[in-house]
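This is what each chain is made of:
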Amino acid sequence: MKIVIHSLLLLLAVSTHAQSLIDSTQLIKDIQTLSSDKYEGRMAGTRGSRLAQFYLIGRFKQAGLSAFHNTYEYPFYFNIGEKQIMGTNLFGYIKGKSESAIVVSAHYDHLGIRSNTTAGKDSIYNGADDNASGVGGLLALMAYYQKHQPEHTMIFVAFDGEEEGLQGAKAFVKQPPVPITQIVLNINMDMIGRNEKNELYVCGLTQFPELKKYVDDGVNTGGAVKLLSGHDKKDEGHNNWINQSDHYEFYKLKIPMLYFGVEDHPDYHQVSDEFKGILPSFYYQAVLKVLTVLESADKGVK
C-alpha cells in the first residue's frame, strides 16, 4: 500500500509540474480560435490571414514578447503565376543570457477558401492540425520562456506562405533580425495536434546527430506520447521530411534544425482538418515533449 501511495503522489507531482509549464486551457483556446471559420483558412494575402495576424499580434503582446525595430510584422512578396502576393511573417524575441539565438517556428497560413467538388461549393480549409496546432505550441512555448529566462535568445516566428513554397522562411533567412551566424538552432513545429498511435516524430537527427542527446531527454520523459526519430533519410522519398516545412531553409544554410510533426492523416490538406479532429491530450503532451527537448538544447547547444 505504501508503494502504491508513493507512486500516486509521484504521478500527481509530475502532473502538477507539467501543468505549471504549459497552460493547457490557453493552448486549446488558441488552436480552436485559429482554426475557426472566422479566419477563412488563413491563406497568405487574404482577409482571413490578416485577421489571424491581428490575433497573433495580440497574443504576442499578451506574452510580453520583445519586438525587433518596434514591430512584430515583416511583410515580404512572392509570385503565384503572374499574381504578386504579400505575405507577412510575425516574430519577436525573449532575451537570453547570450547573444546566440534559437529560432522557434511554426507557419500560421493554410489553404484558405477553395472549391470543394464533393460539397459542390466553396469550402473553408481551416487547417486545425496544419498548422494551427504548431502555432498554438509556439504561443505556449513563448509564454513559458517569458517566465523562465533562457540561456539563448529565443526568437519566436510565425511564418506566412509556407503552403506556397516556404516563402516566409525564405524571406526570414534572407533578412534575419540578428546575424545569421548567431542562429545556432531551429526548432520547427508543423502538425503536432493528433495521432491515433500516440506517435510524435522528430526529424533531423540523421543530418545533425549531435542533437540526439537533447532529443533523448524528450524520449526519456516517458508519458503516453512516444517521441520517435526518423523521416530524414535520403532514400525515403516523400517520407523524407527535411524539405517539407520551414526548417528546410535553415538546413540549407547548415543551421542545425529539429522538426516536430506527425505522419499524414486522412484529413491532411482536406476540408475535414477541423478542430474537432484534434486530440487535446495528445496535443498537450506533444507540446511538453517539444519543450523538454528545447529546454535541454537551450542548456547545451553552443
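As the structure is a computational prediction, the values presented were derived from the model and not from experiment.

**Student:** Give me the environment of Gly134: which residues, what numbers.
**Tutor:** Examined against the element boundaries, Gly134 turns out to sit in helix 4 (residues 128-147). Residues Gly134 and Val225 lie 91 residues apart in sequence; the distance between their C-alpha atoms is 16 Å. Residue contacts for Gly134: discarding those within four places in its chain leaves Ala106, Met189 and Ile192.

**Student:** A description of the packing of aromatic side chains should follow, citing residues and the corresponding values.
**Tutor:** Enumeration according to the criterion identifies 14 aromatic pairs in this entry. Ring centres 4.0 Å apart and planes at 10° place the aromatic pair Tyr74 and Phe91 in the stacked group. Here Phe91 lies in strand 2 (residues 83-94) and Tyr74 lies in strand 1 (residues 73-80), a separation of 17 residues in the sequence. Of the residues examined, Phe91 reaches a relative accessible area of 3% and is grouped as buried. With a centroid separation of 5.2 Å and an interplanar angle of 85°, the aromatic rings of Phe91 and Phe172 are classed as edge-to-face.

**Student:** An account of the pattern of salt bridges is needed here, citing residue identities and associated values.
**Tutor:** Applying the stated rule across the entire model yields 10 salt bridges. Residue Lys233 is joined to Asp232 by a salt bridge in which the shortest nitrogen-to-oxygen separation is 3.8 Å. Residue Asp232 is classed as buried on the basis of its relative accessible area of 2%. A cluster of three or more residues bridged by salt bridges with shared partners is formed by Arg194, Glu196 and Asp267.

**Student:** Describe helix 2 (residues 24-34), and please don't skip the residues or the numbers.
**Tutor:** Within helix 2 the residues assigned to the buried category are Gln26, Leu27, Asp30, Ile31 and Leu34. Viewed end-on, helix 2 has its buried residues packed into an arc of 130°, placing them on one side of the element. Tucked into the core, helix 2 has its buried residues touching helix 3 (47-63), helix 4 and helix 8 (280-300). Backbone nitrogen of Thr25 and a side-chain oxygen of the N-cap are separated by 3.1 Å at the start of helix 2; the cap is Asp23.

**Student:** Tell me about the pairing of strand 2, and please be specific about residues and values.
**Tutor:** The sheet contact formed by strand 1 and strand 2 spans eight bridges and is antiparallel. Along strand 2, the bridge assignment pairs Tyr74 with Asn89. Where strand 1 hands over to strand 2, the hairpin turn is made up of two residues, of which Gly81 adopts a positive phi near 65°. Bridge count for strand 2 against strand 6 (residues 153-159) is five bridges, and the pairing is antiparallel.

**Student:** I'd like to hear about the sheet that holds strand 2, residue by residue, with values.
**Tutor:** Read from one edge of the open sheet, eight strands run 1-2-6-3-7-10-8-9, paired in mixed fashion. The open sheet has two free edges, formed respectively by strand 1 and strand 9 (226-229), since each of these has just one partner strand. Between one strand axis and the next, the sheet turns through 25° on average, direction left out of account. Where strand 3 (residues 101-107) and strand 6 come together, seven bridges link them in parallel fashion. Across the sheet, the residue bridging to Ala101 is Thr153, located in strand 6.

**Student:** Any details on the nonpolar core? Residues and values, ideally.
**Tutor:** Counting 70 residues, the largest nonpolar core has Leu56, Val104, Leu141, Phe156, Leu200, Leu258 and Phe260 as its most contacted members. The element contributing the most residues to this core is helix 8, with 11 residues. In this structure, Leu56 is in contact with Leu34, Leu90, Tyr108, Val135, Leu139 and Ala158, ignoring residues within four places of it in sequence. Counting 15 residues, the second-largest nonpolar core is a separate cluster that includes Tyr74, Val157, Phe172 and Val173.

**Student:** Summarise the packing of helix 2 against helix 3; cite the residues concerned and give the values.
**Tutor:** Here helix 2 crosses helix 3 at 160°, and the two axes come no closer than 11 Å. The angle between the axes of helix 2 and helix 3 places the two elements in the roughly antiparallel class. For the crossing formed where helix 2 meets helix 3, the hand is right-handed. Counted together, Gln26, Lys29, Asp30, Thr33 and Leu34 of helix 2 and Ala52, Tyr55, Leu56 and Arg59 of helix 3 form the full contact between these two elements. Across the contact of helix 2 with helix 3, the residue classes tally to four nonpolar, two polar and three charged.

Rules of the game
- For every chain, the first residue of the written sequence is number 1, and numbering continues from 1 along that sequence.
- Totals for whole chains, interfaces and linings use all residues, but because this is a predicted model, local features are given only for residues with pLDDT of at least 70 and pairs of side-chain atoms are given and counted only at 80 or more.
- The side-chain values count all of the structure's non-hydrogen atoms but skip hydrogen atoms and water molecules.
- In this text, helices come from DSSP runs of H or I with a minimum length of four residues, and strands from runs of E with a minimum of two, each type numbered from the N-terminal end.
- Contact criterion: two residues are considered in contact whenever any of their non-hydrogen atoms come within 4.5 Å of each other.
- Pairs were defined over the aromatic rings of Phe, Tyr and Trp, the Trp ring being its six-membered one, requiring ring centres within 6.5 Å. Orientation was assigned from the angle between planes: stacked under 30 degrees, edge-to-face over 60, tilted for the rest.
- Relative accessible area decides the class of each residue, using a 1.4 Å probe on protein chains only: under 20% of the type maximum gives buried, over 50% gives exposed, and in between gives partly exposed.
- Criterion for a salt bridge: a side-chain nitrogen of Lys or Arg within 4 Å of a carboxyl oxygen of Asp or Glu.
- An arc is given here, and it is the one of the directions from the helix axis to the C-beta atoms.
- Think of a polar contact as two N or O atoms within 3.5 Å of one another; within protein, one of them needs to be a possible hydrogen donor and the other a possible acceptor, and neighboring residues in sequence only count if both atoms come from side chains.
- For two strands to be treated as a pair, DSSP must find no fewer than two bridges joining them.
- A fitted line through C-alpha atoms serves as each axis, taken over the contacting stretch for helices, and the angle formed by two N-to-C directions is quoted from 0 to 180°.
- Take the buried residues of types Ala, Val, Leu, Ile, Met, Phe, Trp, Tyr and Cys, join any two whose side-chain atoms come within 4.5 Å, and each joined set is a nonpolar core.
- In these notes the angle categories are as follows: under 35 degrees is roughly parallel, over 145 is roughly antiparallel, 65 to 115 is roughly perpendicular, and the rest is oblique.
- For any helix crossing, the convention is left-handed if the near helix is rotated counterclockwise from the far helix by under a right angle, and right-handed if that rotation is clockwise.
- Just so you know the grouping, Ala, Val, Leu, Ile, Met, Phe, Trp, Tyr, Cys and Pro go in nonpolar, Asp, Glu, Lys and Arg go in charged, and all remaining residues, Gly too, go in polar.

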